[in-house]
Amino acid sequence: MQFVVVGNPIHHSLSPLLHNYAFRLLGINAFYGRYCLSQEKDFRFLETLGLKGANITIPFKEIAFRSCDETFGIAKKIEAVNTIIFCKGKIFGYNTDAMGFYQCIESFKFKNALILGAGGSSKALACILQEKNIDTTILNRSSERLKSFSGFEAYTFDSFKPKKTYDIVINATPSGLIENSLPMQRGQLIEILKDAQLAFDLIYGRETPFLALAKSLQIPIQDGKNMLINQAILAFEIFMESQGIVFDKNLLSNAMRTSWLI
Ligand code: NDP
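Residues numbered from 1 in each chain as written. Predicted model: local features only at pLDDT ≥ 70, side-chain atom pairs only at ≥ 80, totals over all residues. Heavy atoms only, no water.

The next point concerns the overall build of the protein. A count of helical and extended segments in the protein gives 10 helices and 12 strands. Its C-alpha atoms give the protein a radius of gyration of 19 Å, within 12% of the compact-globule value 18 Å for 262 residues. Principal axes of the C-alpha set define a box for the protein whose edges measure 50 × 35 × 35 Å. When contacts within the protein are restricted to residue pairs at least 6 apart in sequence, those whose partners lie at least 24 apart make up 62%. Looking at the protein as shown, the accessible area adds up to about 12400 Å², and 51% of this sits on carbon and sulfur atoms. (Helix = DSSP H or I, 4+ residues; strand = E, 2+ residues; numbered from the N terminus. Rg over C-alpha atoms; globule rule 2.2 N^0.38 Å. Contact = heavy atoms within 4.5 Å. Areas by Shrake-Rupley, 256 points an atom, 1.4 Å probe, with all protein chains shown as cover.)

Attention now moves to helix H6 (residues 120-131). Here H6 spans 17 Å end to end across 12 residues, near enough to the 16 Å set by a 1.5 Å rise per residue. The complete set of buried residues in H6 reads Ser122, Lys123, Ala124, Leu125, Ala126, Cys127, Ile128 and Leu129. Elements that come into contact with the buried residues of H6 comprise helix H4 (75-78), helix H5 (97-105), strand E7 (112-116), strand E8 (135-140), strand E10 (168-171) and helix H9 (225-242). Positive backbone phi, approximately 60°, marks Asn133, located one or two places after H6. (Expected span 1.5 Å × (residues − 1). Buried < 20%, exposed > 50% of the residue type's maximum accessible area, 1.4 Å probe, protein only.)

Glancing now at the sheet that holds strand E4 (residues 70-71). The six strands are arranged E2-E1-E3-E5-E6-E4 in an open sheet whose pairing can be described as mixed. Two strands lie at the open edges of the sheet, namely strand E2 (31-36) and E4, each paired on one side alone. Inspection of the sheet shows strand E1 (residues 2-7) paired to strand E3 (residues 53-56) by four bridges, in the parallel sense. Bridged to Val5 within E3 is Asn55. (Pairing = 2+ DSSP bridges.)

Quick look at unusual backbone geometry now. Between Asn8 and the following residue, Pro9, the backbone shows a cis peptide bond with an omega angle of 5°. Along the polypeptide, Pro9 turns up in the loop between E1 and helix H1 (15-26). A positive phi angle, close to 60°, is found at Asn133, a residue other than glycine. Relative to the helices and strands, Asn133 resides in the loop between H6 and E8.

For helix H8 (residues 209-216), every residue scored as buried is listed here: Pro209, Phe210, Leu211, Leu213 and Ala214. On the buried face of H8, the contacting elements are E7, E10, helix H7 (186-193), strand E11 (198-201) and strand E12 (221-222). Of the residues flanking the end of H8, it is Gln218, one or two places downstream, whose phi is positive at about 65°.

All right, on to the pairing of E3 then. Burial of E3 is two-sided: the residues Gly53 and Asn55 facing one way and the residues Ala54 and Ile56 facing the other way are all buried. The sheet contact formed by E3 and strand E5 (residues 83-87) spans three bridges and is antiparallel. Opposite Ala54, over in E5, you have Ile84 as the bridge partner.

Set out below in structure tokens:
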């Protein structure tokens, strides 16, 4: 059985590490690789390569959604999928990013949230937060992508005047991924962060300027590592259930969480 993560760029993806380590520990005869796609394509071609399923990452989550014959759960609302399975010429799509994120913050019982960024992951987070009755505001540096957030309070950085405090502030922009920049102007960000209970950055593997600023204001921080692991666990479950493979879910969770340490 083979699976892949499809994206561009893809060399940095840790998904093969997580899934292959879990296959090994659970004694499942399967392999998970990377596939760099140079341009948009109907994802049906992956089944002809003998694959049973795939994870989809930047920038193909929306096009993958449009390739699906059927989508399930919150993927319909987000209109983006990060997990697909192939079944007799059909593609079934899911979005595990949203729940993967929510599982990280579920225990906090937040009442409201502010998301910086209006891309695919921001949409996934906004939909799950709304579904969980957490009042959510979106901020973005430009206005175009805010159009897809109907039903939310959504502002550009320039037009935003904070009227309330936010329990959680989330950086869902790639700012800080490579270069050492904040997603928005420092003074404005301090104003937003100063009463927050948690600053969450989707970026993982480094302390971003966003998290460093929150830390300097004594605000608890969390990076995107657990979100990555949670979405991978949920995707793994979908892959295995589609193949009728029964496995120990506690062992899977332990495998994915410790794979990070090898
Ligand atoms: P998108 O490209 O879809 O969206 C990026 C958004 O960030 C856009 O709204 C864009 O604004 C804004 N943006 C881009 N650069 C900057 C900048 N320098 N300063 C301020 N705003 C900026 O990306 P995704 O939503 O898919 O991903 C966002 C981040 O989340 C990435 O770093 C990704 O790696 C991470 N991620 C982590 C996951 C995890 O499991 N931990 C899962 C998914 C994503 P504009 O509209 O003006 O272009």
